[in-house]
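One letter stands for each residue in the lines below.
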Amino acid sequence: MLEIRGARRIFTTPEGGKVTALDRVDLNVDENEFVTLLGPSGCGKTTLLRAISGFEMLDGGTVRLEGADLSKLAPFRRPINTVFQSYALFGHMSVARNVGYALEVRGVDRAARERKVSDALETVGLSDMGSRRPSQLSGGQRQRVALARAIIAEPRLLLLDEPLSALDRNLRQQMQLELKALQARLGIAFIFVTHDQEEALTMSDRVVVMREGRIEQIGTPREIYRHPRNRFVTEFIGETNIFALTVDRIEGDLARARTAEGTCLSLPAAGRSRGEAVTAVLRPESLHPGAEGIAGTVMRSVYLGSDLVIFVRPEAGGAEIRVTTRDGADAPMTGDAINLAYDPAVIHILEDR
Ligand SMILES: Nc1ncnc2c1ncn2[C@@H]1O[C@H](COP(=O)(O)OP(=O)(O)OP(=O)(O)O)[C@@H](O)[C@H]1O
Ligand SMILES: [Mg+2]
């Protein structure tokens, strides 16, 4: 439905320097899809949204919506709406008038407007709050007003720029589920921006990982988590263990590989060859205390409620290994000698080191 090809945007700073905010970005968004742009501050997420909404011009490339070139369409004529982090509500207007304002400006008659406002408020669960002012609402309720205002004109595509970042953790998690449900109910495509990886994994059909104006990887949350393409995506998508290894030998289905310090790991042999250098990813939840595996000592632990994160120094030396286990009476303690067992099949080899 949305097709972005070769999008480029280069800003000139007041000092005359150049910032490449978007560097040949290609992205397709399907009808009804929930796509999340994920990446560190300054990687170009907002610039990409602004290029789609028409508030930012591109220096190269095209944006098409249902086949039509959007560059010829003024921002307010595009069937696209945006929800901003700051809500940007009018403080002197009632909630209902805030929500219906776009229709008012377009000259939609009062009866039709009131009907749509009441539908939109119902959709976001604020039916009885239409006469309040934004200042008389909680942060989560204000965010819902901003949503109602964005969906009232029935856009084909909704852009959401970190809409939940001002909310506390509990409310944010509740709103994540609500937004996902709302998107399914409305049947329109959402492009959602966040720099919170957990939020991206929870909500999205597909995640687009960005870095310095470029797309590093696009995939389902599971693909991105289990099969990150490179070190940047691996590290951005969650705490993990990365091992630089050299393959020593192949034994049947397994390849034996070693770190520079001498820690040995077993990997699936498929595609590996002797002497090859590989970068392997082993997630903290894929390791558990066992009878054999990587030998080491528990250096410290962090209590997280039901889970416990322990940091293990390998006997052979090298970086501490992070392990997530359940807390309980038999949980490993600082100073314990431990073996970290794992299933070699869960080791992921980075295709691009
Ligand atoms: N008008 C501008 N002039 C110069 N540089 C700009 C301008 N707007 C954005 N930039 C730069 O372009 C890059 C991308 O900015 P953008 O706002 O798209 O990042 P972002 O991914 O949304 O970051 P954040 O997570 O902090 O919101 C940044 O390096 C930023 O400093
Ligand atoms: Mg931004």
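Residues numbered from 1 in each chain as written. Chains lettered and ligands numbered in written order. Predicted model: local features only at pLDDT ≥ 70, side-chain atom pairs only at ≥ 80, totals over all residues. Heavy atoms only, no water.

Chemist: Tell me about the overall build of the chain, residues and numbers included.
Modeler: Scanning the chain from terminus to terminus reveals eight helices and 19 strands. In terms of principal-axis extent, the alpha carbons of the chain reach across some 75 × 50 × 40 Å. Put simply, 64% of the contacts in the chain that link residues at least 6 apart link residues at least 24 apart. Of the roughly 17,500 Å² of accessible surface on the chain, 47% is carried by carbon and sulfur atoms. One way to put it: in the chain the 45 positive side-chain charges average out to a point 6 Å from where the 47 negative ones average out. (Helix = DSSP H or I, 4+ residues; strand = E, 2+ residues; numbered from the N terminus. Contact = heavy atoms within 4.5 Å. Areas by Shrake-Rupley, 256 points an atom, 1.4 Å probe, with all protein chains shown as cover. Lys, Arg positive; Asp, Glu negative; His and termini not counted. Charge placed at Lys NZ, Arg CZ, Asp CG, Glu CD.)

Chemist: Mind laying out helix H3 (residues 110–123), listing which residues take part and the relevant values?
Modeler: The end-to-end C-alpha separation of H3 is 20 Å, in line with the 20 Å expected for 14 residues at 1.5 Å each. Within H3, burial applies to Ala-112, Arg-113, Val-117, Ala-120 and Leu-121. Within H3, the buried residues cover an arc of 160° as seen down the axis, which keeps them to one side. Turned more than 90 degrees away from the buried face of H3 sit Arg-115 and Glu-122, all of them exposed. In this structure, the buried residues of H3 make contact with helix H2 (95–105) and helix H4 (139–151). Capping the start of H3 is the job of one residue whose side-chain oxygen sits 3.2 Å from the backbone nitrogen of Ala-111: Asp-109. Directly beyond the C-terminal end of H3, a positive phi value near 75° is found at Gly-125. (Expected span 1.5 Å × (residues − 1). Buried < 20%, exposed > 50% of the residue type's maximum accessible area, 1.4 Å probe, protein only. Arc of directions from axis to C-beta. Polar contact = N/O pair within 3.5 Å; in protein donor to acceptor, adjacent residues only side chain to side chain.)

Chemist: Can you lay out the site of ligand 1 for me, pointing to particular residues and giving the numbers?
Modeler: Taken together, the neighbourhood of ligand 1 is formed by 13 residues, with Ser-41, Gly-42, Lys-45, Thr-46 and Thr-47 sitting nearest. A distance of 2.7 Å is found between an oxygen atom of ligand 1 and a backbone nitrogen or oxygen belonging to Gly-42. Within the side chain of Glu-162, one N or O atom sits 3.5 Å away from an oxygen atom of ligand 1. Isolated, ligand 1 exposes 640 Å² of accessible area, and the fraction of that covered by the protein chains is 62%. Of all the secondary-structure elements, those providing two or more residues to the shell around ligand 1 are strand E2 (18–29) and helix H1 (45–53). Take the shell around ligand 1: its biggest share by element is three residues, from H1. (Near = heavy atom within 4 Å.)

Chemist: Account for the packing of aromatic side chains, naming residues and giving values.
Modeler: The full count for this structure, using the stated rule, is four aromatic pairs. Between Phe-34 and Phe-192 the ring centres are 5.7 Å apart and the planes differ by 45°, which places this aromatic pair in the tilted class. Of the two residues, Phe-34 is situated in strand E3 (residues 34–38) and Phe-192 in strand E8 (residues 189–194); the sequence distance between them amounts to 158 residues. In this structure, Phe-34 and Phe-192 share a single accessibility class: buried. (Phe/Tyr/Trp six-rings, centres within 6.5 Å; stacked < 30°, edge-to-face > 60°.)

Chemist: A description of the sheet that holds E3 should follow, citing residues and the corresponding values.
Modeler: Spatially, six strands are ordered E6-E7-E8-E3-E9-E10 in an open sheet, and the strand pairing comes out mixed. At either end of the open sheet lies a strand with only one pairing partner, and these are strand E6 (80–83) and strand E10 (214–219). The average undirected angle you get between the axes of adjacent strands in this sheet is 20°. Sheet topology note: the E6/strand E7 (residues 157–161) ladder contains four bridges and is parallel. Each bridged residue has a counterpart across the sheet, and for Ile-80 the counterpart in E7 is Leu-157. Contacting E3, E6, E7, E8 and strand E9 (206–211), H1 crosses the sheet at an angle of about 150° to E7. (Pairing = 2+ DSSP bridges. Axes fitted to C-alpha atoms, helices over the stretch in contact; angles between N-to-C directions.)

Chemist: How would you sum up H1? Please name residues and give values.
Modeler: Along H1, seven of the nine residues are buried, which leaves the element largely enclosed by surrounding structure. Taken together, the buried positions of H1 are Lys-45, Thr-47, Leu-48, Leu-49, Ala-51, Ile-52 and Ser-53. Phi turns positive, to about 100°, at Gly-54, one or two residues after H1.

Chemist: An account of the packing of H2 against H4 is needed here, citing residue identities and associated values.
Modeler: The contact between H2 and H4 brings their axes to 7 Å, and the two run at 30°. Taken together, H2 and H4 sit at an angle that is classed as roughly parallel. When you trace H2 past H4, the crossing you get is right-handed. Only Val-145, Ala-148 and Arg-149 of H4 make contact with H2, whose side of the interface consists of Val-95, Asn-98 and Val-99. Here the residues of the contact of H2 with H4 are counted per class, giving four nonpolar, one polar and one charged. (Parallel < 35°, antiparallel > 145°, perpendicular 65-115°, else oblique. Left-handed = near helix turned anticlockwise from the far one by under 90°. Nonpolar A, V, L, I, M, F, W, Y, C, P; charged D, E, K, R; others polar.)

Chemist: Break down the domain arrangement of the chain for me, citing the residues and quoting the values.
Modeler: Annotation of the chain at the domain level lists domain 1 (2–236) and domain 2 (241–349). Listed as interface residues are seven residues of domain 1 and, on the opposing side, six residues of domain 2. For the domain 1 face of the interface with domain 2, the top three residues by lost area are Tyr-225, Arg-231 and Thr-234, together amounting to 71%. On inspection of domain 1 and its partner domain 2, the count reaches zero salt bridges. Of all elements in the fold, only helix H7 (221–226) and helix H8 (231–236) reach the threshold of two or more residues within the side of domain 1 that touches domain 2. Broken down by element, the side of domain 1 that touches domain 2 gets its largest block of residues, three residues, from H8. Looking at the side of domain 1 that touches domain 2 residue by residue, the classes come out as two nonpolar, two polar and three charged. (Domains from an automatic or database assignment. Buried area = accessible area lost by both parts, 1.4 Å probe. Salt bridge = Lys/Arg side-chain N within 4 Å of Asp/Glu carboxyl O.)

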